[in-house]
Amino acid sequence: MVYRLSACLALLIVGVIAIRTLVSRRKSFLRNLQGPKSQSFWLGNERDLSYQNEVGDIELKWMRSYGSVWRRTACLGEDHLMVADPKALQYILHGSGYHFPKRADVVQFYKMIAGRGLLWAHGKVHQRQRRILNPAFSAPQIKSLLPVFQNVASKLVQKWKDEVIPSDPSGTPMVNVCPWLNRTTLDIIGEAGFDFQFGSLDNAQAPLVQLFESWVTLHTLYPSELGLVFKSTWKYLPEWLLDLFWYLPRHELRQSRLFLEFLRGLSRTIVEKGMIKNEGNDMMSALLRANGSKDHNSTMSIDEVVDQIAILLITGHHTVAGSTIWFLWEIAKHPEDQERIRSEIASARAKNVSGGDLTVADLESMVFTTAAIQESLRLHPLFWMLAREAERDDVIPLAFPVTTKSGEQISAIPVQKGTHVDIAIDVYHRLPAVWGEDADQWNPQRFLDPERTKQATVGAYSNLLNFSGGIRGCIGWRFSVLEMQVIATSLLENFEISLPPQNEQTRVFRKPGGTMAPMMNGVEGAWMGLVIKPLR
């Protein structure tokens, strides 16, 4: 009976939305833009994107055919504007304030996995939460956490020397670095973020490690076609109805509930511990101090603080680990650049008269290392697409004119209130007009070119969109970049990293999950096999 009612309700919702979509399409200017042919009314081009073998297979082909902006069809015949043009991105992310909010279905998804924190919030709520969180992510605060990053990174190095290297008779084992990096960054966010010891490097079976591995990759990759259509209806439904959907008898919804319940329980434990201690150098202590205002308009409730911790647990370890994994993959393919980074490390050590750990200034002086990290972030953005929606009628300017179906060249695109905008991060990162004709190739030197400073300001970090940009840019980008620098230099100073012999069994694919995941045929879960050789 429950299934019949659910099916009837779903059909009614889909029918109403389909009629609404058909009416709105007749009015939309997007119909005049070039774009790929829709594969079906129900799925449009959604299946092309969600089921592509690797991130970029489809959207980069579209960019080469239609330019830096184009129209695509989503589920139920709905038109979306896909954007990779730098001026358009600058306007959407920076110039328009909150007038291009996250799409309603995306907001609901974030609420389902991480509660009502910064990822979910919009407008005045987002401004208040971000204002309170800012002191915990200031440059001085992040720099003060450097010893924590270095201690955990050193522990990873020692684990590889004591456990991984001896496990292979040749002394140069092939290692799946994904679980190791995830455990490392989880321990870092635990200690630096909350003065909390997860002990993940000592326990590969820790519940939180297993939870992230099973949910983040396996439950976001290649969703069912029915699931795609179902999720496309969320943006039209009231929040109270979406909250009821949370309890539908579907496996992925049940897993999402368990995921959030576990995170909230752990986060509440962390918050209670922080409130008792009420001092320290970790981000939790900085947040609680900033949240101590007597002005209720400048504070967050305990439930809000709990949900902020849940978000930081996800973004503070999974995304940094993923980005570092792709960096190691690129640097394994380019041994000459690996040696150049080691030379920079040796030079920084020679100038460090104290003989102790590298300082923030030492890391900042390693310009090629930084450029290599930036180039890896450019080629492999974990979040490869962002979904936004026009809150009002607007006109989006373009840096590079495009040709419409009628043959007219236009340098701006009028959009109606409610128009869905897909920010194609992976396409912008490989746009030849921005990054040069070698945009598809590894070339860290491009970030050392002084001419690059003339580009339009788009992203929060180095004009990249890994951390988004503007008022919704990632608040923790400094934390992530410094953490990547520390882990990268620690590993490359101690190990030579190379690719195993390349064939169909060892080839790594950039899979289009919730984040871009490295995976290999025949292996479940994230996989990045690299050969590790100790240097000393």
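Residues numbered from 1 in each chain as written. Predicted model: local features only at pLDDT ≥ 70, side-chain atom pairs only at ≥ 80, totals over all residues. Heavy atoms only, no water.

Details of the overall build of the protein chain
Within the protein chain, the secondary structure is distributed over 21 helices and 11 strands. Computed over C-alpha atoms, the radius of gyration of the protein chain comes to 23 Å, within 12% of the 24 Å expected from 2.2 N^0.38 for 536 residues, which places it in the range of a compact globule. Considered along the principal axes of its C-alpha atoms, the protein chain spans approximately 70 × 55 × 45 Å. Counting the 536 residues in the protein chain, one finds 58% classified as buried. (Helix = DSSP H or I, 4+ residues; strand = E, 2+ residues; numbered from the N terminus. Rg over C-alpha atoms; globule rule 2.2 N^0.38 Å. Buried < 20%, exposed > 50% of the residue type's maximum accessible area, 1.4 Å probe, protein only.)

So, the packing of helix α16 (residues 335-351) against helix α18 (residues 367-379)
Closest axis-to-axis distance for the α16/α18 pair is 8 Å, and the angle between their directions is 140°. Taken together, the axis directions place α16 and α18 in an arrangement best described as oblique. On the side of α16, the interface is formed by D337, R340, I341 and E344, while α18 contributes V367, F368, T369 and A372. Here the residues of the contact of α16 with α18 are counted per class, giving four nonpolar, one polar and three charged. (Axes fitted to C-alpha atoms, helices over the stretch in contact; angles between N-to-C directions. Parallel < 35°, antiparallel > 145°, perpendicular 65-115°, else oblique. Contact = heavy atoms within 4.5 Å. Nonpolar A, V, L, I, M, F, W, Y, C, P; charged D, E, K, R; others polar.)

What about the sheet that holds strand β3 (residues 174-176)?
Strand order in the open sheet made by the three strands is β3-β11-β8, with antiparallel pairing throughout. Each having just a single partner strand, β3 and β8 (495-498) make up the two edges of the open sheet. Across the sheet, the mean angle separating the axes of adjacent strands is 40° when strand polarity is ignored. The sheet contact formed by β8 and strand β11 (residues 529-534) spans four bridges and is antiparallel. Within β11, the residue paired with F495 across the bridge is P534. Helix α9 (residues 177-194) rests against β3 and β11 of the sheet, and its axis sits at about 50° to β3. Set on the sheet, helix α21 (residues 477-494) makes contact with β8 and β11; between it and β8 the angle comes to about 100°. (Pairing = 2+ DSSP bridges.)

Concerning empty space enclosed by the protein
Rolled over the atoms, a probe sized like a water molecule indicates the empty space that remains. One pass over the structure, following the stated rule, counts one cavity of 30 Å³ or more. Taken as a whole, the largest cavity encloses approximately 30 Å³ of empty space. What lines the largest cavity is simply L133, A136, F137, G193, F194, M283, M284, L287, I309 and L312. Among the elements that take part in the lining of the largest cavity, helix α14 (residues 283-290) stands out by supplying three residues, more than any other. (1 Å grid on protein atoms, 1.4 Å probe; cavity = no way out; pocket = protein on both sides within 12 Å on 5 of 7 lines; lining within 4 Å. Points joined across faces, edges and corners; volume = space filled by probe spheres on them.)

Some details on helix α8 (residues 146-164)
Across its 19 residues, α8 extends 26 Å between first and last C-alpha, which sits within 8% of the 27 Å expected from 1.5 Å per residue. When α8 is considered as a whole, its buried residues turn out to be L146, V148, F149, Q150, V152, A153, L156, V157, K159, W160 and V164. (Expected span 1.5 Å × (residues − 1).)

Things to note about the side chain of R103
If you trace the backbone, R103 turns up in the loop between α4 (86-95) and α5 (104-114). Reaching out from R103, the side chain makes a polar contact with the side chain of D422 at a distance of 3.5 Å. Not counting residues within four places of it along the chain, the set of residues in contact with R103 comprises H80, K235, A387, R388, E389, H420 and D422. (Polar contact = N/O pair within 3.5 Å; in protein donor to acceptor, adjacent residues only side chain to side chain.)

Some thoughts on the pattern of salt bridges
With the rule as written, the count across this model stands at 26 salt bridges. The partner of K111 in a salt bridge is E239, and the shortest N-O contact between them spans 2.6 Å. Of this pair, K111 sits in helix α5 while E239 sits in helix α12 (residues 239-245); the two residues are 128 residues apart in sequence, bridging distant segments of the chain. On the basis of relative accessibility, which here comes to 9%, the residue K111 falls in the buried class. The shortest N-O distance in the salt bridge between E163 and K159 comes to 3.0 Å. Here E163 pairs with K159, and both are found in helix α8, just four residues apart, close to one helical turn. Its relative accessible area of 42% is what places E163 among the partly exposed residues. Connected through shared salt-bridge partners, E46, R72, R103, D105 and D422 make up one network. (Salt bridge = Lys/Arg side-chain N within 4 Å of Asp/Glu carboxyl O.)

Structural notes on the sheet that holds strand β7 (residues 420-424)
Read from one edge to the other, the open sheet built from four strands follows the order β1-β2-β7-β4, with strand pairing classed as mixed. Two strands close off the open sheet at either side, each with one partner strand: β1 (69-73) and β4 (385-389). Taken over all neighbouring pairs, the strand axes of this sheet differ in orientation by 30° on average, direction set aside. Of the strands in this sheet, β1 and β2 (79-83) are in contact with helix α3 (residues 59-66), which crosses β1 at around 125°.

Thoughts on the side chain of N45
You can see N45 is positioned in the loop between α1 (2-27) and α2 (46-50). Judged by relative accessible area, N45 falls into the buried class, the value being 0%. From its side chain, N45 meets the backbone oxygen of K37 in a polar contact 2.9 Å long. Ignoring any residue separated from it by four or fewer positions in sequence, one finds N45 in contact with P36, K37, S38, Q39, W62, R72 and T73.

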